[in-house]
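Coordinate analysis (summary)
Chain by chain, the residues:
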Protein chains: 2
Amino acid sequence: MSKGVTKQSEDYAKWYTDVVLKGELADYGPVKGTMIIRPYGYAIWESIREAADKMFKETGHVNAYFPMFIPESFMTKEAEHVEGFAPECAVVTHGGGKKLEEPLYVRPTSETIIWSAYKKWINSYRDLPILINQWANVVRWEMRTRLFLRTTEFLWQEGHTAHASAAEAEEETRKMIEVYRKLAEEHLAIPVYVGQKTDAEKFAGAVHTYCIEAMMGDKRALQAGTSHYLGQNFAKAFDVKFLNKNNELEYVYATSWGVSTRLVGGLVMAHGDDKGLILPPKVAPYQVVIIPIYKKEEDRSAILEKLSQIASDLESKNIRVKIDDNTQQSPGWKFNQYEMQGVPVRMEMGPKDLEKGHVVIVRRDTGKKEFLQTDAITNTLVELMPVMQKDLFDRALAFREAHTKTVNNYSEFKEMIDEGNFVKAYWAGDDRHEEEIQKETKATVRVIPFEQPQAKGTCFYTGKPADKIAIFGKSY
Amino acid sequence: MSKGVTKQSEDYAKWYTDVVLKGELADYGPVKGTMIIRPYGYAIWESIREAADKMFKETGHVNAYFPMFIPESFMTKEAEHVEGFAPECAVVTHGGGKKLEEPLYVRPTSETIIWSAYKKWINSYRDLPILINQWANVVRWEMRTRLFLRTTEFLWQEGHTAHASAAEAEEETRKMIEVYRKLAEEHLAIPVYVGQKTDAEKFAGAVHTYCIEAMMGDKRALQAGTSHYLGQNFAKAFDVKFLNKNNELEYVYATSWGVSTRLVGGLVMAHGDDKGLILPPKVAPYQVVIIPIYKKEEDRSAILEKLSQIASDLESKNIRVKIDDNTQQSPGWKFNQYEMQGVPVRMEMGPKDLEKGHVVIVRRDTGKKEFLQTDAITNTLVELMPVMQKDLFDRALAFREAHTKTVNNYSEFKEMIDEGNFVKAYWAGDDRHEEEIQKETKATVRVIPFEQPQAKGTCFYTGKPADKIAIFGKSY
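Everything quoted here is computed from the prediction, not taken from an experiment. (Residues numbered from 1 in each chain as written. Chains lettered and ligands numbered in written order. Predicted model: local features only at pLDDT ≥ 70, side-chain atom pairs only at ≥ 80, totals over all residues.)

Below, the discussion takes up the domain arrangement of chain A. Many descriptions give the size of an interface as the accessible area lost when the pieces come together. By domain assignment, chain A separates into domain 1 (12-271), domain 2 (286-384) and domain 3 (405-473). Averaged C-alpha coordinates put domain 2 of chain A and domain 3 of chain A at centres separated by 49 Å. (Domains from an automatic or database assignment.)

And the structure:
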């Protein structure tokens, strides 16, 4: 390993890549744009996955698995969908040593294959709703890739639900974006704006798309999760009708929603600093790393015995602990490595500490160091975990608030965007206006928040009366 | 849904497909040989996955994720491996609308891509062992497919470990086949023979392969899990050397091991009967299904109130419960459906039962019906679960023992195989003899068990002195 990471202020993109590679979250795969998720990064993904899966099940969803190969003819059934996705697909043309009669697309998302199955399973309103989620890998052939943020293959979940009414499907769409808000804010400690995408930014095949949008440490926006109301688009494309309660045939209403391994990248950029990653306790593979410090062999066994006791006491309170007694590396090297990997709390104990009956505790987020009497360790750390979780959220929120600027006209807008801020402004523009603004400033409407001011206003760009404010920013 | 399944005695293969389709475990995908794992089948897989993952972590393994696209040049590096796998691969030739410079193989297994990464990660004995597992989908282009047992795409886990010595790698190989034995016997209640494959049946690229082998309800053998000692084969193919403690460069030693969604098929065939699936309690998505029986609306609320109490009491003891109050189907229809789906225990309550303060309990495995006073329900069912788990294992074991025949000569062998039994016999043949036997009888050596008799014997086929007995059978 290495002596640290590039400073954020020096080169944020390089800082990010350094943290991901040197923190052993991920590595490059042999095929351009692919990624190996290493055990430490995968453990973070497992924690996200577990938290999300629990919430999905609590809201009545079940998991299933659909094949990843989609016949070419399926892809072309929904016009907007094929236009949006077909160009970025990987295509299987040979199988079992022979050329296939019909090429197969590796799923970029699974609406088409899932709706072809729903056609078989849905006949009547009694078969509805279907509330299915799938954990899977998907492939999108990207030109410019970045570890976790945009890779050719990535891991995600995709919910695909079928409903007997537009209202019920809309309710589901909203329910799931709220699940994502909780996942981001309460599990990852990342504050998000929640709302609707403009037509320019919605999912290819959706009626409308809701999203959660987060600010990263370089003040750029990350789309962290989306929930789509698909109306009857896919039901029409795959001819999925149901007999409603009035005994009439009607097309089924649909939603889909997903979050991906991109969230791991978001976690790095929302909380990290010049020393590396900072992990919220809920998502940290280990919350406390314990490092014994000794020179003589006789000290080693006494210290390790005490530390093992402390560790099992902590584990009995569901705190995840790692004792690093590897003798190949110095304590200093370990301090750096675990700081880079963002372990919330470091605990040290040397011969003098043992003698005095205390340990040294260092918080990763604040760097604050304190001595703790050994009998106070467990209670103190049990209480510290939710405090650190909240502190990280509050810090990220304060950062976002400080860099979200309200503007009244386009010249203010350009100035604030230039400085790298989010901009919050009354907006009544359309796709064309959005495109003009993007061309000139690289900023787009990230989200039109659900939460809106009471008062109406004037659009900063078109000067028209505006109902709503929008959040603009440069995005990943 | 439908009125039941084909009888086993009538057509076992059709019985199997009926159970899988009508029990809603899986459905056919649109591409030939692919499968949709439906929620009920996926919940069984989740239970297997969870149990296995826990054991992997307890034995020191961590999860990671490697890309599914393997450059063609990687596949060709290990001679036996490419010969075994390349012909059954799906090949991506186009990505992002362009023809690729090098075709990509969709992983049939991940040794090659993982060892290309290990080359980057391993320099010294200090970097060893690496104990990584991956949960993933893989693709093998099969000619003859069957739901769960052999599908073009399937889900599995694949462990890939790297070690500094042959002895350590061999120990790992044995450790993991023992983990699989426990998974099969203790979680799925499927008794297995544990031992070594002959060279004819080992993994393409392995030095030797260990396996667990189970008997299905039609007396055919199912290979249910394998653990491979790979020696230095892949290290040599990918030039992965480490500096050992004597400061010499040496090739790394490897293992790989896996189980797949095939286990779900094994579960169906190990325990099922003419009514459908029978699930061991540990793996059942719900262990108790509760069905209220009433005609009048006034009875409904009283019965449901009581049943909800019972259900939450059971859930507080970690019993998984489903109350089915769907009014679209009759109780009789539900009885059949849950019997087909193998739910361990059915509970019924009608107005008279409520009055008398009891419920009716029916065990799926024995069909035994009894009345239980409501205050005895929870304790009785908590105690019943491990009993049913053990009974299912014992029943499957007795079935296997009754159909494993010892023979002394080839004519007895043919007779016993003809009757559909496993044969246990002293064996000193080689690949060629095995092929001859297979040609004539369709039986192969399923496994040479670790557990061997003390005495030596005479090979039933070659007449040579033999050290070991082998288990023969016709296999899936």
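Residue and element names in this part refer to chain A. Strand order in the open sheet made by the five strands is β16-β15-β17-β18-β19, with mixed pairing throughout. The sheet terminates laterally at β16 (321-323) and β19 (369-373), the two strands that pair on one side only. Sheet twist, expressed as the average angle between the axes of neighbouring strands with direction ignored, equals 25°. Bridging between strand β15 (residues 288-292) and strand β17 (residues 345-349) involves five bridges; their strand directions are parallel. The residue of β17 that forms the bridge with Pro292 is Met349. (Pairing = 2+ DSSP bridges. Helix = DSSP H or I, 4+ residues; strand = E, 2+ residues; numbered from the N terminus. Axes fitted to C-alpha atoms, helices over the stretch in contact; angles between N-to-C directions.)

Residues and elements named next belong to chain A. Between Leu128 and the following residue, Pro129, the backbone shows a cis peptide bond with an omega angle of -5°. Note that Pro129 resides in the loop between α5 (111-121) and β7 (130-139). Of note in the backbone geometry, Asn247 takes a positive phi value of approximately 65° without being a glycine. Looking at the element boundaries, Asn247 is found in the loop between β12 (241-243) and β13 (249-251). Residue Asn247 is classed as exposed on the basis of its 8 C-beta neighbours within 10 Å. (Buried ≥ 20, exposed ≤ 12 C-beta atoms within 10 Å, placed from the backbone.)

Glancing now at the interface of chain A and chain B. The interface is formed by 45 residues belonging to chain A together with 44 residues belonging to chain B. Summarising the sheet, strand β5 (residues 90-95) of chain A and strand β5 (residues 90-95) of chain B pair through five bridges and their orientation is antiparallel. Bridge pairing in β5(B) links Val92(A) to Val92(B). (Contact = placed C-beta atoms within 7 Å.)

Expressed as a screw transformation, the operator carrying chain A onto chain B has a rotation angle of 180° and an axial translation of 0.0 Å, and the superposed copies differ by an RMSD of 0.0 Å. Expressed as an axis order, the relation between the two copies is that of a two-fold axis. Minimal C-alpha distance to the rotation axis in chain A is attained by Val92(A), lying at 2.1 Å. The overlap is high: 98% of the interface residues of chain A also sit at the interface in chain B, so the same surface is used on both sides. (Least-squares fit on C-alpha atoms with pLDDT ≥ 70 in both.)

With that settled, the discussion passes to the packing of helix α2 (residues 39-58) of chain A against helix α6 (residues 166-187) of chain A. All names here are of chain A. The geometry of α2 relative to α6 is characterised by a closest axis approach of 10 Å and an angle of 140° between their N-to-C directions. In terms of orientation, α2 and α6 fall into the oblique class. For the crossing formed where α2 meets α6, the hand is right-handed. Every residue of α6 that contacts α2 at Ile48, Ala51, Ala52 and Met55 is listed here: Val179, Lys182, Leu183 and His187. (Parallel < 35°, antiparallel > 145°, perpendicular 65-115°, else oblique. Left-handed = near helix turned anticlockwise from the far one by under 90°.)

Now for the sheet that holds strand β17 (residues 345-349) of chain B. Note: strands within a sheet are paired through backbone hydrogen bonds, in either parallel or antiparallel orientation. Residues and elements named next belong to chain B. With respect to topology, five strands assemble into an open sheet ordered β16-β15-β17-β18-β19, the strand pairing being mixed. A strand with exactly one partner marks an edge of an open sheet, and here the two such strands are β16 (321-323) and β19 (369-373). Across this sheet, the average inter-strand angle for adjacent strands is 25°, counted without regard to direction. In terms of strand pairing, strand β18 (residues 358-363) meets β19 through five bridges, oriented antiparallel. Across the sheet, the residue bridging to Val362 is Lys369, located in β19.

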